[in-house]
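Single-letter residue listing:
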Amino acid sequence: MIDLFRHRIVETGRLPLFGFFTAFIVTFVLTRVIVRLIRANVSGWFGNVRAGDTHVHHVVFGVVLMLVGGIASLATPDAYVALDCVAAVVFGAGSALVLDEFALLLHLSDVYWTEKGRASVDAVFVAIAVTGLLLLGIRPFGFADAVPDPAGSALAQAYFASTVANLVLAVITLLKGKIWTGLIGLFLPVLLVVGAIRVARPGSPWSRWLYGPDSRKYQRAVRREVRFRRPLIRAKIWVQEFIAGRHDLIPPELLQRSADAAERARRRRLARAARKAAARDRRRTAARGRRRAAVRDQRRAAARDERRAAGRGRRSVADRLQRSAFARGRTSAAARRLARRLGADDPPPPPPPRRKLPTTRR
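Below or above, wherever it landed, is the structure these notes cover.

Conventions used here
Residues numbered from 1 in each chain as written. Predicted model: local features only at pLDDT ≥ 70, side-chain atom pairs only at ≥ 80, totals over all residues. Heavy atoms only, no water. Phe/Tyr/Trp six-rings, centres within 6.5 Å; stacked < 30°, edge-to-face > 60°. Helix = DSSP H or I, 4+ residues; strand = E, 2+ residues; numbered from the N terminus. Buried < 20%, exposed > 50% of the residue type's maximum accessible area, 1.4 Å probe, protein only. Lys NZ or Arg CZ within 6 Å of the ring centre and 35° of its normal. Lys, Arg positive; Asp, Glu negative; His and termini not counted. Salt bridge = Lys/Arg side-chain N within 4 Å of Asp/Glu carboxyl O. Polar contact = N/O pair within 3.5 Å; in protein donor to acceptor, adjacent residues only side chain to side chain. Contact = heavy atoms within 4.5 Å. Expected span 1.5 Å × (residues − 1). Arc of directions from axis to C-beta. Core = buried A, V, L, I, M, F, W, Y, C linked by side-chain atoms within 4.5 Å. Axes fitted to C-alpha atoms, helices over the stretch in contact; angles between N-to-C directions. Parallel < 35°, antiparallel > 145°, perpendicular 65-115°, else oblique.

### Remarks on the packing of aromatic side chains
Summed over all chains, the structure comprises four aromatic pairs. Residues F20 and F91 carry aromatic rings whose centres are separated by 6.0 Å and whose planes lie at 35 degrees to one another, so their mutual orientation is tilted. On the criterion of sequence distance, the pair formed by F20 in helix α2 (residues 15-39) and F91 in helix α4 (residues 81-100) is long-range, its members being 71 residues apart. Judged by its relative accessible area of 16%, F20 is buried. Linked through ring pairs, F20, F24 and F91 together constitute an aromatic cluster. Just above the ring of W113 sits the side chain of R39; from NZ or CZ to the centre is 4.5 Å. We note K176 situated over the ring of W206; from NZ or CZ to the ring centre the distance is 5.2 Å.

Set out below in structure tokens:
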């Protein structure tokens, strides 16, 4: 094993790359273990790093380590292999910390434990796959040890043509939504040919540009997505959650939308309650107005009845006085004034005088 390591890693000059690869994997695993323990609120374990009220993400430490490792690697002479390996280890640890929060940099939001946070795990897996292929000695575009001849030779022209063809195929594969096929195909060009020939994924730029909603290619792409790719995606998500934890938090924008919707609903309820209260007040005011109008009408009717009764009483008194006066044969001016004051009509003509019946003597 040691001889194989010396032959494949040390003698080929890949020792700094091996240090980067090892530090990257170890740092990523330790980081995920630590953040999962912090999320689980394990007693006795330290929490998040804070500077006052500001939560310091570990991407900050990753950027610092990448800067230190990159500058140290550039400043270290070629003869100092050990220092170059140390710089590669520091750079690998910083790269793991940065890519572990790749989704934060992509969305500019803390989506670490949300569904969008899986992009960080995807980025880490891509980096591990690419670094592993480079560590095995596989070079991009299928040329491991080929060194082009001077410009103008047949080998140089073939190398340039194959590189351009592989780049074109890689771009087509990526536009078809096949990220893993396009990245791994840079090292295994046969995958680029397969990815460029097969139909694009639904929702990819290639599908939106060239496939109609009712075309046969689009329908075939949907069937393949449901039949083959969905199970692979579920398996990949299971592996990611087994390694990195479950991404089950609600995204911040959805929380904000929920808060905004709740606020709008609260305002609608308050406005509806205010409208109901105003309508109830209007009904009560109208009822009080109707009751007051009814009471006022009743009082007016009672007063009118009282005046009518008083008028009738005065007229009856005047009539009785007139009758009694006329019965006695008195038609003086004082009686007429009294009748007018009491509201009686013009006095009736006096009754004819009574005739005395003749008496017969016996």
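### Things to note about the side chain of E101
With respect to the helices, strands and loops of the structure, E101 is situated in the loop between α4 and α5 (102-107). R32 provides the closest opposite charge to the buried, unpaired E101, separated from it by 8.0 Å. A polar side-chain atom of E101 sits 3.1 Å from the main-chain amide nitrogen of V59. The residues touching E101, leaving out its near neighbours within four places in the chain, are H57, H58, V59, Y112 and S120.

### Some remarks on helix α3 (residues 58-75)
With 18 residues, α3 should reach 26 Å at 1.5 Å per residue; the first-to-last C-alpha distance of 26 Å fits that figure. Listed in full, the buried residues belonging to α3 are H58, V59, G62 and G69. Angularly, the buried residues of α3 cover 90 degrees about the axis, an arc narrow enough to put them on a single face. Of the exposed residues in α3, the ones pointing more than 90 degrees away from its buried face are L67, I71, L74 and A75. On its buried side, α3 packs onto α2, α4 and α5.

### With respect to the side chain of R32
Residue placement: R32 occurs in helix α2. Exposure remark for R32: the relative accessible area of 1% places this residue in the buried category. A distance of 3.1 Å separates a polar atom in the side chain of R32 from the backbone oxygen of A244. Apart from residues lying up to four places away in sequence, R32 is in contact with D100, Y112, W113, S120, V121, I243, A244 and H247.

### Side note on helix α6 (residues 118-135)
For α6, with 18 residues, the first-to-last C-alpha span of 26 Å sits near the 26 Å given by 1.5 Å per residue. Remark: G137 follows α6 within two positions and exhibits a positive phi of approximately 95 degrees.

### Side note on the nonpolar core
Counting 10 residues, the largest nonpolar core consists of F20, F24, F28, A88, A96, V121, V124, F125, A127 and A244. Counting residues per element, the ones that place at least two in this core are α2, α4 and α6. Those residues in contact with F24 that sit more than four places away from it in its chain are G92, S95, A96, L99, V124, A127 and I128.

### Things to note about the packing of α6 against helix α11 (residues 216-244)
Direction vectors running N to C along α6 and α11 enclose 90 degrees, while the axes themselves pass 11 Å from each other. By the criterion of interaxial angle, the relationship of α6 to α11 is roughly perpendicular. Contacts from R118, V121, D122 and F125 of α6 reach α11 at K236, I237, Q240, E241, I243 and A244.

### Side note on the pattern of salt bridges
The full count for this structure, using the stated rule, is seven salt bridges. Between D122 and K236 there is a salt bridge whose closest N-O contact spans 3.5 Å. Of this pair, D122 sits in helix α6 while K236 is found in helix α11, placing the two residues 114 residues apart along the sequence. Here K236 falls in the partly exposed class, since its relative accessible area comes to 31%. The closest approach of N and O atoms between R266 and E263, which form a salt bridge, is 2.6 Å. Of this pair, R266 and E263 both sit in helix α12 (residues 252-327), three residues apart, roughly one helical turn. Judged by relative accessible area, R266 falls into the partly exposed class, the value being 37%. Accessibility expressed as a relative area gives 28% for E263, which makes it partly exposed. One network of salt bridges, in which partners are shared, links E115, R118 and E241.

Note that every value here comes from positions in space, so none of it alone points to a role or purpose.
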